[in-house]
Amino acid sequence: NHYGGESLLTNVNGPESQSTTVPGTWEEKQRALSIIGEVARRYGYEAPAIDGLESWSAEDRIRDLGGLTPDNQVIVSGVALGRAGQWLSFRFQDLSKDTGGTFEERLRPPEGSPWQLNTLALSYGANGLLAAEDRNEFESRLEPFRGLIPPEPLES
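So, here's what we can say about the structure.

What counts and what doesn't
Residues numbered from 1 in each chain as written. Predicted model: local features only at pLDDT ≥ 70, side-chain atom pairs only at ≥ 80, totals over all residues. Heavy atoms only, no water. Helix = DSSP H or I, 4+ residues; strand = E, 2+ residues; numbered from the N terminus. Rg over C-alpha atoms; globule rule 2.2 N^0.38 Å. Buried < 20%, exposed > 50% of the residue type's maximum accessible area, 1.4 Å probe, protein only. Contact = heavy atoms within 4.5 Å. Areas by Shrake-Rupley, 256 points an atom, 1.4 Å probe, with all protein chains shown as cover. Lys, Arg positive; Asp, Glu negative; His and termini not counted. Charge placed at Lys NZ, Arg CZ, Asp CG, Glu CD. Phe/Tyr/Trp six-rings, centres within 6.5 Å; stacked < 30°, edge-to-face > 60°. Lys NZ or Arg CZ within 6 Å of the ring centre and 35° of its normal. Pairing = 2+ DSSP bridges.

1. Some points on the overall build of the protein
And step 1. Along the protein, the regular secondary structure elements total four helices and six strands.
And step 2. Listing each helix as α and each strand as β along the protein from the N terminus yields β-β-α-β-α-β-β-α-β-α.
And step 3. In summary, the protein has a C-alpha radius of gyration of 20 Å against a globular reference of 15 Å for 156 residues, an excess of more than 25%.
And step 4. Taking the principal axes of the C-alpha coordinates as reference, the protein spans close to 60 × 35 × 35 Å.
And step 5. Expressed as a percentage of its 156 residues, the buried residues of the protein come to 26%.
And step 6. Within the protein, counting contacts between residues at least 6 apart in sequence, those at least 24 apart form 70% of the total.
And step 7. Element-wise, carbon and sulfur atoms account for 53% of the exposed surface of the protein, whose accessible area totals about 10500 Å².
And step 8. Each charge class in the protein can be summarised by its mean position, and for the 14 positive and 24 negative side chains these summaries are 6 Å apart.

Structure follows, in structure tokens:
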């Protein structure tokens, strides 16, 4: 828990769900993001945001994502943030944008794998979850620290 102790809190990283096709145009991908956003907002999530790539060099974007801007990238990913450390991540993987021919081999799943090359993938996760049966113990451990300012973590 970065303070030198054992934490009762747990993280969840759900399995990824994948479509069997990917929206072909940037407008279709934006429509898919709009639908994800509409559904996610019903559950208290922020609007989906594409991963910020401001600090990436042009060379890194082309090598790792297949293009300079989302409309021509092979891989476009991001997240919709929810309450209490929850998130819904998304990833478009569109080999029709692979003008250099380098991504198909790199992304090819192992033989017999259900993973898709051209897909819209979604996954859910959450940080800091507390099992109901651990609530009393958590509160008991917290009591001596009530009202104190937490120290800086030992590690990050």
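Following the structure, the description resumes.
2. Some thoughts on the packing of aromatic side chains
And step 1. For the coordinates displayed, the defined rule picks out one aromatic pair.
And step 2. Taking 6.1 Å as the distance between ring centres and 65° as the angle between the ring planes, the aromatic pair formed by Phe-90 and Phe-92 counts as edge-to-face.
And step 3. Looking at Phe-90, the relative accessible area reads 3%, which means it is buried.
And step 4. Above the ring of Phe-103, the side-chain terminus of Arg-106 is found at 4.1 Å from the ring centroid.

3. Quick word on the pairing of strand E4 (residues 75-81)
And step 1. Relative to E4, strand E3 (residues 49-50) runs antiparallel, the two being bridged by two bridges. Counted as the bridge partner of Ala-49 is Val-79 from E4.
And step 2. Strand direction decides the pairing type here: E4 and strand E5 (residues 86-93), joined by seven bridges, are antiparallel. Bridging across to E5, Ser-77 finds its partner in Arg-91.
And step 3. In this structure, the hairpin formed by E4 and E5 is closed by a connection of four residues, where Ala-84 is found at a positive phi of approximately 55°.

4. A short note on unusual backbone geometry
One can expect most non-glycine residues to show negative phi and most peptide bonds to be in trans.
And step 1. Of note, the phi angle at Ala-84 is positive, near 55°, even though the residue is not glycine.
And step 2. With respect to the helices and strands, Ala-84 occurs in the loop between E4 and E5.
And step 3. Exposure remark for Ala-84: the relative accessible area of 65% places this residue in the exposed category.

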